[in-house]
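# Results of the structural survey
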2 protein chains.
Amino acid sequence: MNSKRSGEVAISSDAKGKAVERAPPPPPPPVVVTTKATKIRNIRGKKGLAIIDIVLRLGAGSAALAAAYIAGNTEQILPFFTQFFQFHAQYNDLPTFTFFVAANAVAVGYIAFSLPFSIVCIVRPHAIGPRLLLVFLDTVMVALVMSAAGASTAIVYLAHNGNLNSNWLAICTQYTDFCQALSGALVASFVAEVFFMLLVVNSTFALKRK
Amino acid sequence: MNSKRSGEVAISSDAKGKAVERAPPPPPPPVVVTTKATKIRNIRGKKGLAIIDIVLRLGAGSAALAAAYIAGNTEQILPFFTQFFQFHAQYNDLPTFTFFVAANAVAVGYIAFSLPFSIVCIVRPHAIGPRLLLVFLDTVMVALVMSAAGASTAIVYLAHNGNLNSNWLAICTQYTDFCQALSGALVASFVAEVFFMLLVVNSTFALKRK
């Protein structure tokens, strides 16, 4: 029995040897720890990007609101008038500015709609659905805000400089304040546009990180 | 010493028990096989998206090229003239169309520049660097092409309808062909814009897949 025991010992020592050989495997735990650490770092990175997202969103919303408000409240009444006509300029005298105000108002509404999704991205950094939805809609907003800003810039440029070839006169020579206010609204709109572009790039980075 | 040995046996049997407990880990190999299968599927998906990317890119390039070419070659000479003046309309009579042609030409140049990166994304579906660069530049192009298309639309609308409030007359009543050609160029430019937006969304999906 003793010999058996010693045999057992031999086997066991073998087993032990194997166990010792298998001892290195414990490294797996540290590997798991590092992946966990990477995951935690990634989650932190994603949360950081989600917070940047919400800040950019608020920036875009305020800039678009400013653009819509300034353009929508722009009017100028010239101090001279004829018997039948008073010289009065308002944003909706030019259809382009009606579009400008509408597009920026839509952008503000979209920001209000998208904020809850953006908050979901902070709470659940790995949620991909809301982020993809936001990237898609942000791209649409980049196009919408830029089309309004581009169109209005073309018209404001024309109002400032006129065009001799088509016999369109510069109306800004009379309506100075009106043109200045519209230029201010344009600047606000371009700021909103930059914010929307940063939103798309930021979301792309957030989707990249795993 | 024997007692020590028997003690050792006890320990070794313990160790053996632990070894048996550790035996289950072998399952990992099958897991690795499934991740390999998933990886292959993902690589195929990524390759598919990269091929869609190149197709969209070619579509955007041809549309932008058509827009630039049509607008750049648009001119009309009216069949009547005075002693000192011949009525002749060309795209660069309006600075907006100069910008329109330039922006679409830049878009065509960018497509030529981006094609090699797009091919890299087909060959190496997991390369993230070129894809991030493309998303960033595509977003810039969405904004650039849209600003040109928006500005030109505003001017073409004005040329078609005029604006009584600012005393700008509709020039399209005389320059019919000129206005029609420009409208065609605008349509081509909006098609290019849609392609660029799809490019951004497509790249986002490609970055999402892992």
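Keep in mind that what you see is a predicted model, and the values were worked out from it rather than measured. (Residues numbered from 1 in each chain as written. Chains lettered and ligands numbered in written order. Predicted model: local features only at pLDDT ≥ 70, side-chain atom pairs only at ≥ 80, totals over all residues. Heavy atoms only, no water.)

## Quick look at the overall build of chain A
Condition: The secondary structure listing takes helices from DSSP runs of H or I that are at least 4 residues long and strands from runs of E that are at least 2 residues long, numbered from the N terminus. We call two residues in contact when some of their heavy atoms are within 4.5 Å.
Looking only at helices and strands, one finds five helices and two strands in chain A. Put simply, chain A runs from its N terminus to its C terminus through helices and strands in the order α-α-β-β-α-α-α. Nonlocal contacts in chain A, meaning residues at least 24 apart in sequence, comprise 78% of its contacts between residues at least 6 apart.

## Overview of the UniProt feature "transmembrane region" (unreviewed entry) in chain A
Residue and element names in this part refer to chain A. Test applied: UniProt positions are given in the numbering used here, feature names are shortened, and annotations may be inferred rather than shown by experiment.
The UniProt record annotates "transmembrane region" (unreviewed entry) at residues 49-71, 97-123, 135-160 and 180-201. Between the first and last C-alpha atoms of residues 97-123 the distance is 39 Å; the span itself is 100% helix and 0% strand. Helix makes up 100% of residues 135-160 and strand makes up 0%, while its end C-alpha atoms are separated by 36 Å.

## Describing the side chain of serine 189 of chain A
If you trace the backbone, serine 189 of chain A turns up in helix α5 (residues 176-208). If we ignore the near neighbours within four places in the chain, the residues touching serine 189 of chain A are Ala67, Phe100, Asn104, Val145 and Ala149 of chain A.

## Things to note about the packing of helix α3 (residues 95-123) of chain B against helix α5 (residues 176-208) of chain B
Residues and elements named next belong to chain B. The condition is simple: Axis definition: a line fitted to C-alpha atoms, limited for helices to the stretch in contact. Angles are taken between N-to-C directions and run from 0 to 180 degrees. What makes a crossing left-handed is the near helix being turned counterclockwise from the far one by less than a right angle; a clockwise turn instead makes it right-handed. Residues are grouped as follows: Ala, Val, Leu, Ile, Met, Phe, Trp, Tyr, Cys and Pro are nonpolar; Asp, Glu, Lys and Arg are charged; every other residue, Gly included, is polar.
Orientation of α3 relative to α5, taken along the N-to-C sense of each, is 40°, at an axis distance of 12 Å. Judged by the twist between their axes, the crossing of α3 over α5 is left-handed. Within the contact between the two elements, α3 uses Phe97, Phe100, Asn104, Ala107, Tyr110 and Ile111 and α5 uses Leu182, Ala185, Leu186, Ser189 and Phe196. Within the contact of α3 with α5, the residues separate by chemical class into nine nonpolar, two polar and no charged.

## Comments concerning the pattern of salt bridges
Residue and element names in this part refer to chain A. Put simply, the test is: Basic side-chain nitrogens of Lys or Arg form a salt bridge, by our definition, when they fall within 4 Å of a carboxyl oxygen of Asp or Glu. Think of it in three bands: with a 1.4 Å probe and only protein chains considered, a residue is buried below 20% of the maximum accessible area for its type, exposed above 50%, and partly exposed in between.
Under the definition given, this model contains four salt bridges over all chains. Here arginine 57 makes a salt bridge to aspartate 53, at a shortest N to O gap of 2.9 Å. With a gap of four residues between them, arginine 57 and aspartate 53 both fall in helix α2 (residues 28-72), about one helical turn apart. Overall, arginine 57 belongs to the buried group, its relative accessible area being 0%. By sharing partners, the salt bridges in this structure join Asp53, Arg57 and Asp138 into a single network.

## Some remarks on the packing of aromatic side chains
The geometry of an aromatic ring pair is captured by the separation of the ring centres together with the interplanar angle, meaning the angle of the planes. Put simply, the rule reads: Only rings of Phe, Tyr and Trp enter the pairing, Trp through its six-membered ring, and a pair is recorded when the two centres are within 6.5 Å. The plane angle decides the type: under 30 degrees is stacked, over 60 is edge-to-face, the rest tilted.
Under the defined criterion, the tally for this structure stands at nine aromatic pairs over all chains. Between tryptophan 168 of chain A and tryptophan 168 of chain B the ring centres are 6.5 Å apart and the planes differ by 45°, which places this aromatic pair in the tilted class. On the criterion of chain membership, the pair formed by tryptophan 168 of chain A in the loop between α4 (129-161) and α5 and tryptophan 168 of chain B in the loop between α4 (129-161) and α5 is interchain, its members lying in two chains. Of the two residues, tryptophan 168 of chain A and tryptophan 168 of chain B, neither departs from the other in class, the shared state being buried. Ring geometry for tyrosine 175 of chain A versus phenylalanine 178 of chain A: centroids 6.3 Å apart, planes at 70°, classification edge-to-face.

## Some details on the nonpolar core
Here is a general trend for soluble globular proteins: nonpolar side chains tend to be buried in one another's company. Operational definition: Think of a nonpolar core as a cluster: buried Ala, Val, Leu, Ile, Met, Phe, Trp, Tyr and Cys residues, connected wherever their side-chain atoms sit within 4.5 Å.
In terms of nonpolar packing, the biggest core is built from 54 residues, with Trp168 of chain A together with Trp168 of chain B touching the most fellow members. For this core, the secondary structure elements donating two or more residues are α2, α3 (95-123), α4 and α5 of chain A together with α2 (28-72), α3, α4 and α5 of chain B. Excluding anything up to four places from it in sequence, tryptophan 168 of chain A contacts Leu158, Gly162 and Asn163 of chain A together with Leu94, Ile155, Leu158, Ala159, Trp168, Leu169 and Ile171 of chain B. Counting 36 residues, the second-largest nonpolar core is a separate cluster that includes Ala60 and Leu199 of chain A together with Met146 and Leu199 of chain B.

## Focus on the confidence of the model for chain A
Low pLDDT means the predicted atomic positions in that stretch should not be read closely. Residues and elements named next belong to chain A. Short version of the rule: Per-residue confidence from the predictor is reported as pLDDT, a score between 0 and 100.
Averaged over every residue, the pLDDT of chain A is 81; the share at 70 or more is 79%. Put simply, helix α1 (residues 2-22) is where chain A has its lowest mean pLDDT, 47, and α3 is where it has its highest, 93. Counting interchain partners and residues more than four positions distant, the pLDDT-below-50 stretch residues 1-21 has eleven contacts. With pTM at 0.78, the complex prediction returns an ipTM value of 0.76.

## Overview of the state of the cysteines
Residue and element names in this part refer to chain A. Our working rule: Sulfur atoms of two cysteines make up a disulfide when they are within 2.5 Å.
Under the definition given, this model contains two disulfides over all chains. A disulfide bridge connects cysteine 172 with cysteine 179, and the sulfur atoms are separated by 1.8 Å. Taking the sign of the S-S torsion, about -85° here, the bridge from cysteine 172 to cysteine 179 comes out left-handed. Under the relative-accessibility criterion, cysteine 172 is labelled buried at 8%. Among the residues examined, cysteine 179 registers a relative accessible area of 3% and is labelled buried.

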